[in-house]
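# Observations on the model geometry
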Amino acid sequence: MNISRRSILGMGGGLAAAATLVACGQNNPMASPTGAASPATSETGMATGEKVDLTQWYHEYGEAGVKEAVERFAAEYEAANVTVKWTPGDYNSILAAQLLTAEVPDVFEAEQGGSLDQIRSGQLEDLTELIGDAKDQFNKSVMKRFTFEDKIHGIPQTIDMQLLYYRPSLLKAAGVEVPTTFEELVAAANAVKTSSTGGFFAGNDGGIGVLGTLFIWASGYEQLNDDRTEAAFLNDDFYKALVAYRDFSKSGGVVQSASAEWYSPDAFVNEEAAFQWGGLWSLPDITKAFGDDVGVMAFPAMGAKGRPAVPFGAFGACVAAKGKNVEAAKDFVKWLWIDQEDKQVEFSDAYGTHIPAKDALVSKATKLSSGPGSEAAKFVADSGFANDIMWSGAIGDKFNAAVSNVIKNGADPAAEFEPLKDLIKSELEKLKG
Amino acid sequence: MTRQRFWLGVRYVVLVILALLFMLPFWVIVRNAFSTNKNITSATWNWLPDQLNLTNLTTLLANDSIGILRALLNSAIMAVLQTGGTVFVSLLAGYALARFTHRASRFMLGVTLFTLMVPVATIFVPMFIITAQLGWVDTFRGLVIPGLFSAFATYLFRQYFLDFPVELEDASLVDGCNPWSAFWRVVFPNSKGIVAAVGTIILIGSWNAFLWPSLIGRDATRTVQVALSQFMTSQGVRYPELFMGSLIVVAPMLVVFLFLQRYLVQGLTTSGLR
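This structure is a prediction, so every number in the text was calculated from the model and none was measured.

### Overview of the interface of chain A and chain B
One frequent convention defines the size of an interface as the accessible area lost when the parts assemble. Contact residues are listed per partner, giving 35 residues for chain A and 31 residues for chain B. Both faces combined, the contact of chain A with chain B buries some 2800 Å², and carbon together with sulfur accounts for 59% of it. Along the contact surface separating chain A from chain B lie one salt bridge. One salt bridge in this structure joins A:K85 and B:D219, with 3.3 Å as the shortest N-O distance. The interface formed by chain A and chain B contains four residue pairs in polar contact (both at pLDDT 80 or more). With five residues, helix α1 (residues 5–26) of chain A is the largest single contributor of residues to the side of chain A that touches chain B. In the side of chain A that touches chain B, the residues fall into 15 nonpolar, 13 polar and seven charged.

Written as structure tokens, this is what we have:
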């Protein structure tokens, strides 16, 4: 038989194509024969004995050790085989897409205990009975946000919040007190700033992105009225608050550009600003840099009707309504996020700095037992706010654009927000169906 | 003469300045890859790295939860399969659309062009649901097959084949070829330039893909772009490892560019992309 170069190349191409198909069929040519099972799952992925199999999804937490901890929690649960799925990337989009398929996770985290879409489309199991009277043990601001039409669809896992950091020593050196109103904050920021240290920093967009909705709460109003039929903040007090922040920016008291964003402690640690709006998660890095010379406060009241405000966020453990083992999933959620208090404290306190969702557990969290951490925990209960469940993306986008135009471009707030009245009304009508 | 030299010099100076400006982001990647977090987030700008050793690289490679090497392999498998498959499908489709001119062919061309006008974001969810129904989540099939048909590549090939001399194909048919063998023995060997150009564009796009792999690629098939996103969490960004990872990810495409830049430029010129 004559073997030509062409036939050898042809055979080589055929082999390559076959290898390609094998690679596709095998899904993962590098996979071990048993696959990558979490400690809580048997090697075959099948249930052992009478136990059912559950999958539990988490978004990716940045702190080292959280993944291992939740896998351990799952492994310790004896009534079911729980497989933990750690989901990096855009968790909300991935979860939303997965919930539309037949292969839904049995238990999963959802921001603020589930979105309106998830609830309305029946994707979330009603957990009102599951939490029962235990709901009184949880942070009341969080439970208020987690309750929609008298139903609860998520059990709060842990609480994150934003707050204002400052250095007491810098204030003392400048001869100013800790501010309690926005006017005092403006005066203090301008008093403490030097040629090398700015006054107030809340992001490289001048703070309008992260502080936008705070202006509503700090000026004494809510986003929507009680019936959720129209906006509840479009008035002179809110407009004056925006103008006050615009004047603050123009005065030079607001740092417009720093080495890092507001959610990182770096700008504050580098002493680029005397006040920085940030996350509670930055507290360990900030106290490491400045020791006891760290103070925290809520965003101060703006105007006569104003009040201090901090935004919070909490992931809630939800159960997929069309999961294969709904009752088993609910039992697991109850066991982990209602009964297992030691694990709840560990989840919040051992790897990062978060606030346990149950009030009684806050004192057991070492990082929150005293000092700035302890004060921060109180802010959520006393002054905590979160976006209303019907504050949709469309409303948020228009609102942010209007805030930006007022503060950055000097637009008249009343004229700028006038179109939002009808837009919010129609959007709410649409959402209510 | 002196005046001409002067303006030539000015042009060179302007071009060098522009080149340096465009190179600046790449320098920042290199600087940050060999810097501590303190240097990267320093209040004052530092031009030079402060950790000229392999610390960040060893930290990155030792991080099992990121699995950068495995992710690189996954990306390479996906990019090669996607490129090979897309070029094969689009090459044949483009040839057919160029050679067959009856009504059905024109209709198919219209449908093909129409898919270019539909925003990708709108078809992501239905595409994901179909992929999930087929059980292809976290598989290479799921990563590659839904993206195998590229209207863009098909249209490029079609435009190329419109100008390809039909006489060559006619001659091969006279010599005993059928249309299939004429395509592979005559047309394809004379179209390697456009194949390389389109292949290079598809390869780079596939290597850099993020959205679809972030939905489909889970534990077993996570690609390197998705793996790197793990350094950006709600609790902050781990800059040194992120930039070291970015440097590693950029390297294969730089090699591709160095070897195939002629075809890349040809592809961009043909397609009108900038």
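Alright, that's what it looks like, and here's the rest.
### Considering helix α18 (residues 413–432) of chain A
Residues and elements named next belong to chain A. The terminal C-alpha atoms of α18, which comprises 20 residues, lie 28 Å apart, in line with the 28 Å expected from a rise of 1.5 Å per residue. Of the positions making up α18, those classed as buried are P413, F417, L420, I424, E427, L428 and L431. Buried residues along α18 sit in contact with α4 (116–120), α11 (236–250) and α17 (393–409). Following α18 by one or two positions, G433 adopts a phi angle in the positive range, close to 75 degrees.

### A word on the nonpolar core
Among soluble globular proteins, nonpolar side chains are generally buried collectively. Ranked by internal contacts, the top residues of the largest apolar core, which has 144 residues, are A:F200, A:F233, A:F275 and A:F417. Here this core gets nine residues from one element, more than from any other, and that element is helix α14 (residues 326–339) of chain A.

### Looking at the domain arrangement of chain B
Residue and element names in this part refer to chain B. For chain B, the domain assignment lists domain 1 (1–53) and domain 2 (54–271). Placing a centre on the C-alpha atoms of domain 1 and another on those of domain 2 gives a separation of 32 Å. Each partner contributes residues to the interface: domain 1 has twelve residues there, and domain 2 has nine residues. Summing both partners gives a buried area of about 980 Å² for domain 1 against domain 2, and 68% of it is carried by carbon and sulfur.

### Concerning the side chain of A:Q276
All names here are of chain A. Looking at the secondary structure, you find Q276 in strand β9 (residues 273–279). On the basis of relative accessible area, Q276 is assigned to the buried category, the value being 2%. Polar side-chain contacts of Q276 include one of 2.9 Å to the backbone oxygen of W262. Ignoring anything within four residues of it in the chain, the contact list for Q276 reads L163, L164, Y165, F201, E261, W262, S264, P265, A267 and F268.

### Let's talk about the domain arrangement of chain A
Residues and elements named next belong to chain A. Domain parsing of chain A yields domain 1 (52–160 + 313–385) and domain 2 (161–311 + 390–432). The gap between the C-alpha centroids of domain 1 and domain 2 is 28 Å. Counting from both sides, the interface comprises 19 residues of domain 1 and, opposite them, 21 residues of domain 2. For the pair domain 1 and domain 2, the summed buried surface comes to about 1600 Å²; carbon and sulfur atoms form 70% of the total. Of all residues in domain 1, T353, F379 and F385 give up the largest surface area on contact with domain 2, accounting jointly for 39% of the area buried on that side. Summed over the shared surface of domain 1 and domain 2, the number is zero salt bridges. At the boundary of domain 1 and domain 2, one finds three residue pairs in polar contact (both at pLDDT 80 or more). Broken down by secondary-structure element, the contributors of at least two residues to the side of domain 1 that touches domain 2 are α4, β6 (155–166), α16 (371–383) and β13 (384–385).

### Concerning the packing of aromatic side chains
The description of an aromatic ring pair uses the distance of the two centres, along with the angle that the planes make with each other. Scanning the model with the defined rule gives 49 aromatic pairs over all chains in all. Plain terms: the ring middles of A:F233 and A:F417 are 6.5 Å apart, the flat faces sit at 85 degrees to each other, and that makes the pair edge-to-face. Here A:F233 is found in the loop between α10 (214–218) and α11, whereas its partner A:F417 is found in helix α18, with 184 residues between them in sequence. Across the pair, A:F417 and A:F233 agree in class, each one buried. With centroids separated by 6.3 Å and ring planes inclined at 55 degrees, the aromatic side chains of B:Y160 and B:F164 adopt a geometry described as tilted. Note on B:Y160: relative accessible area 25%, which makes it partly exposed. Among the residues examined, B:F164 registers a relative accessible area of 6% and is labelled buried. Through pairs of rings, three or more aromatic residues link up here, namely B:F88, B:Y95, B:F157, B:Y160, B:F161, B:F164, B:W180, B:F183, B:W184 and B:F188. Stacked on the ring of A:F290, the Lys or Arg A:R167 has its end atom at 3.9 Å from the ring centre. A cation sits over an aromatic face here: B:R31 above B:W45, 4.4 Å from the ring centre.

Scoring rules and cut-offs
Residues numbered from 1 in each chain as written. Chains lettered and ligands numbered in written order. Predicted model: local features only at pLDDT ≥ 70, side-chain atom pairs only at ≥ 80, totals over all residues. Heavy atoms only, no water. Contact = heavy atoms within 4.5 Å. Buried area = accessible area lost by both parts, 1.4 Å probe. Salt bridge = Lys/Arg side-chain N within 4 Å of Asp/Glu carboxyl O. Polar contact = N/O pair within 3.5 Å; in protein donor to acceptor, adjacent residues only side chain to side chain. Helix = DSSP H or I, 4+ residues; strand = E, 2+ residues; numbered from the N terminus. Nonpolar A, V, L, I, M, F, W, Y, C, P; charged D, E, K, R; others polar. Expected span 1.5 Å × (residues − 1). Buried < 20%, exposed > 50% of the residue type's maximum accessible area, 1.4 Å probe, protein only. Core = buried A, V, L, I, M, F, W, Y, C linked by side-chain atoms within 4.5 Å. Domains from an automatic or database assignment. Phe/Tyr/Trp six-rings, centres within 6.5 Å; stacked < 30°, edge-to-face > 60°. Lys NZ or Arg CZ within 6 Å of the ring centre and 35° of its normal.

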